[in-house]
Amino acid sequence: MLRVGTFNGEKGQCASIREAVHAVEPGGWILLGPGDYKQSGYEPIAGALGDDKAGADILITTPNIHIRGMNRNTVVIDGTKPGSPKCSSKEADQNLGPVEGSSFLGNNGVVVYKANGVWLQNFSACNFLGANSGGDAIWFDGGGASGTQQIGSWWGEYLSSTSTYWAGKEPKPSAKYGIYASNTYGPGIFEHTYANNMADAGYYIGACPDCNTILNHDHSENNDLGYSGSNSGGHLIIENSEFNNNQEGVATTSQNNDDAPSPQDGICPNGQTNPSPPPGAQRTNVCWVMIHNRVINNNNGATPTSAGAPGLVGTGMTIAGGRHDLVVENTFSGNNAWGILLVPYPATETPPPQIPQEDYCRGGVGSGSGESFVCNYEAFANEIEGNTFAKNGGFKNPSNGDIGEVSNAAPDGNCWHGNVEEGGGTPSSEPPEIQTTHGTCGQPNSGEPASSVLAAQAACDSQLLAECPPAPGEEYPRSNEVKLMALPQEPSMANPCEGVPSNPWCSRKK
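As the structure is a computational prediction, the values presented were derived from the model and not from experiment.

Caption draft 1: Spotlight on the side chain of Thr184. Relative to the helices and strands, Thr184 is located in the loop between strand E15 (177-182) and strand E16 (188-191). Taking the relative accessible area as the measure of exposure, Thr184 reaches 1% and is therefore buried.

Caption draft 2: The pairing of strand E8 (residues 75-78), seen in detail. Side-chain alternation along E8 places Val75 and Ile77 on one buried face and Val76 and Asp78 on a second face that is also buried. With four bridges connecting them, strand E5 (residues 35-38) and E8 associate as parallel partners. By the bridge assignment for E8, Asp36 is matched with Val76. Where E8 meets strand E12 (residues 118-126), three bridges bridge the pair, whose relative direction is parallel.

Caption draft 3: Seen up close, the pairing of strand E18 (residues 201-208). Along E18, eight of the eight residues are buried, which leaves the element largely enclosed by surrounding structure. Direction of pairing for E15 relative to E18: parallel, over a ladder of five bridges. Bridging across to E18, Tyr177 finds its partner in Ala201.

Caption draft 4: Structural view of the pattern of salt bridges. Tallying each qualifying case throughout the model produces seven salt bridges. The salt bridge involving Arg283 is made with Asp412; its shortest N-O contact spans 2.9 Å. Of this pair, Arg283 sits in the loop between strand E24 (248-253) and strand E25 (288-291) while Asp412 is found in the loop between strand E36 (401-405) and strand E37 (415-417), placing the two residues 129 residues apart along the sequence. Accessibility expressed as a relative area gives 24% for Asp412, which makes it partly exposed. In this structure, the salt-bridge partner of Asp359 is Arg362, at a minimum N-O distance of 3.4 Å. Accessibility expressed as a relative area gives 11% for Asp359, which makes it buried. Look at the salt bridges and you will find they share partners, linking Asp36, Lys38 and Asp78 into a network.

Caption draft 5: Quick look at the sheet that holds E36. As summarised here, the arrangement of the 11 strands in space is E6-E11-E13-E15-E18-E21-E24-E27-E30-E36-E39, forming an open sheet in which the pairing is parallel. Where the open sheet ends on each side, the last strands, each with one partner, are strand E6 (58-60) and strand E39 (429-430). Direction of pairing for strand E13 (residues 136-141) relative to E15: parallel, over a ladder of five bridges. Bridge pairing in E15 places Trp139 opposite Tyr180. The strands touched by helix H3 (residues 453-462) within the sheet are strand E27 (315-320), strand E30 (338-343), E36 and E39, with E30 carrying the most contacts at an inclination of about 100 degrees.

Caption draft 6: Up close: unusual backbone geometry. Cis geometry is found at the peptide bond from Gly186 to Pro187, where omega equals 5 degrees. Among the secondary structure elements, Pro187 is positioned in the loop between E15 and E16. For the bond running from Ala260 to Pro261, omega is 5 degrees, close enough to zero to count as cis. Looking at the secondary structure, you find Pro261 in the loop between E24 and E25. Even without a glycine there, the phi angle at Cys87 is positive, about 50 degrees. Among the secondary structure elements, Cys87 is positioned in the loop between E8 and strand E9 (99-100).

Criteria and cut-off values
- Residues numbered from 1 in each chain as written.
- Predicted model: local features only at pLDDT ≥ 70, side-chain atom pairs only at ≥ 80, totals over all residues.
- Heavy atoms only, no water.
- Helix = DSSP H or I, 4+ residues; strand = E, 2+ residues; numbered from the N terminus.
- Buried < 20%, exposed > 50% of the residue type's maximum accessible area, 1.4 Å probe, protein only.
- Pairing = 2+ DSSP bridges.
- Salt bridge = Lys/Arg side-chain N within 4 Å of Asp/Glu carboxyl O.
- Contact = heavy atoms within 4.5 Å.
- Axes fitted to C-alpha atoms, helices over the stretch in contact; angles between N-to-C directions.

Fair warning: the whole summary comes from geometry, so function is off the table for now.
Structure follows, in structure tokens:
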């Protein structure tokens, strides 16, 4: 049992979090007293291949440990320079990691690297900025950009992440991801967590064909993407959470990139069935489930943004080239482009050399070669059921509304049924009357073609291939002035001593 800082007048044994992390043994605990914790440098990660090449402020490689703050809002792991104010927004106070060429390497915050059974609980992190790599605040990292999954169990609870600084799109420094897990096989959970001001995504789950991950009672706002999931499939549940005031609320995507192996596929592995499918669901073999969430007012064109994450401003949710996802009993409200949109994804990325060639463009169809190579992923076999829609499509561009689907003919098409308009009625859709024509799962069907108005509008909004100016009278408004939010006070653990071995901070009632 190691303690860092001071709590209720009792001083801990360790002068810094890093000292405690280096000293803790498997099965051990680290408690953090209130304070603004800044480290004077970064720790490199041997063998790192992706964003983890930037190292970490706090690098955790010891398995089966607990790190718990005594107060979520006053225990802050801070990426700004020592001597600066807490989470300072001044340019001169930012820490960009070591110099690399004419730029900087970047920095990450708390990184659990290939260590099973780690609990992170009850603290906040701020201002971890990426340049050539890095920019991730709290990350369970099972081997970024390796194409393999090397973390099993993990837990992240009562965590907050933010940044008070954004210099601009790459290559300028920015905070990219707030709450992050990649290359894991679980089980893992993010519960009672919060993220804002991220230029890529508040939450990110990637590179896990069978993630065994749950997001529960989480909140994401003022990010480019509230949630982003690249090639994250199998058992994954997003529930009881809110995604609001982002550029785009939720995006799940198949990509031909360093988050191999593709595609994003929510089918239950090995021919299994979902042990508890939601009532009304027709598909019983889908284990990727988004249920009981609020996806509202995602119209924010003034968030930080990243060249690699072109959110569709005004869109509640996209399934971009994903398949076998079940979206049920959620609320999509006030999203001014589309409530939910299913589209193909033309991946133009090139995976890094360490990704096996057999994982290139897996699940997609490639065309072209060299720099012009495109791997196209179709969205099919998704079920959208029992959701409530309200006041979507407020931009009033052609095709804007509650529901949109762009897809080629598939033997197992997407299906839509039981969705309602708040107050009664049927959600608007492109193609029209989609719940009549696509109401039964497991049937061949198609959506609007790639030549359709809907496809053109979606491409224009995404800016994926180019910054496409809309026709006169059409717009997907973005601001040239980024507006950052303060980190709100979030509920802390009711009793941070619960379950903790006896120690001077937790040996009596506080």
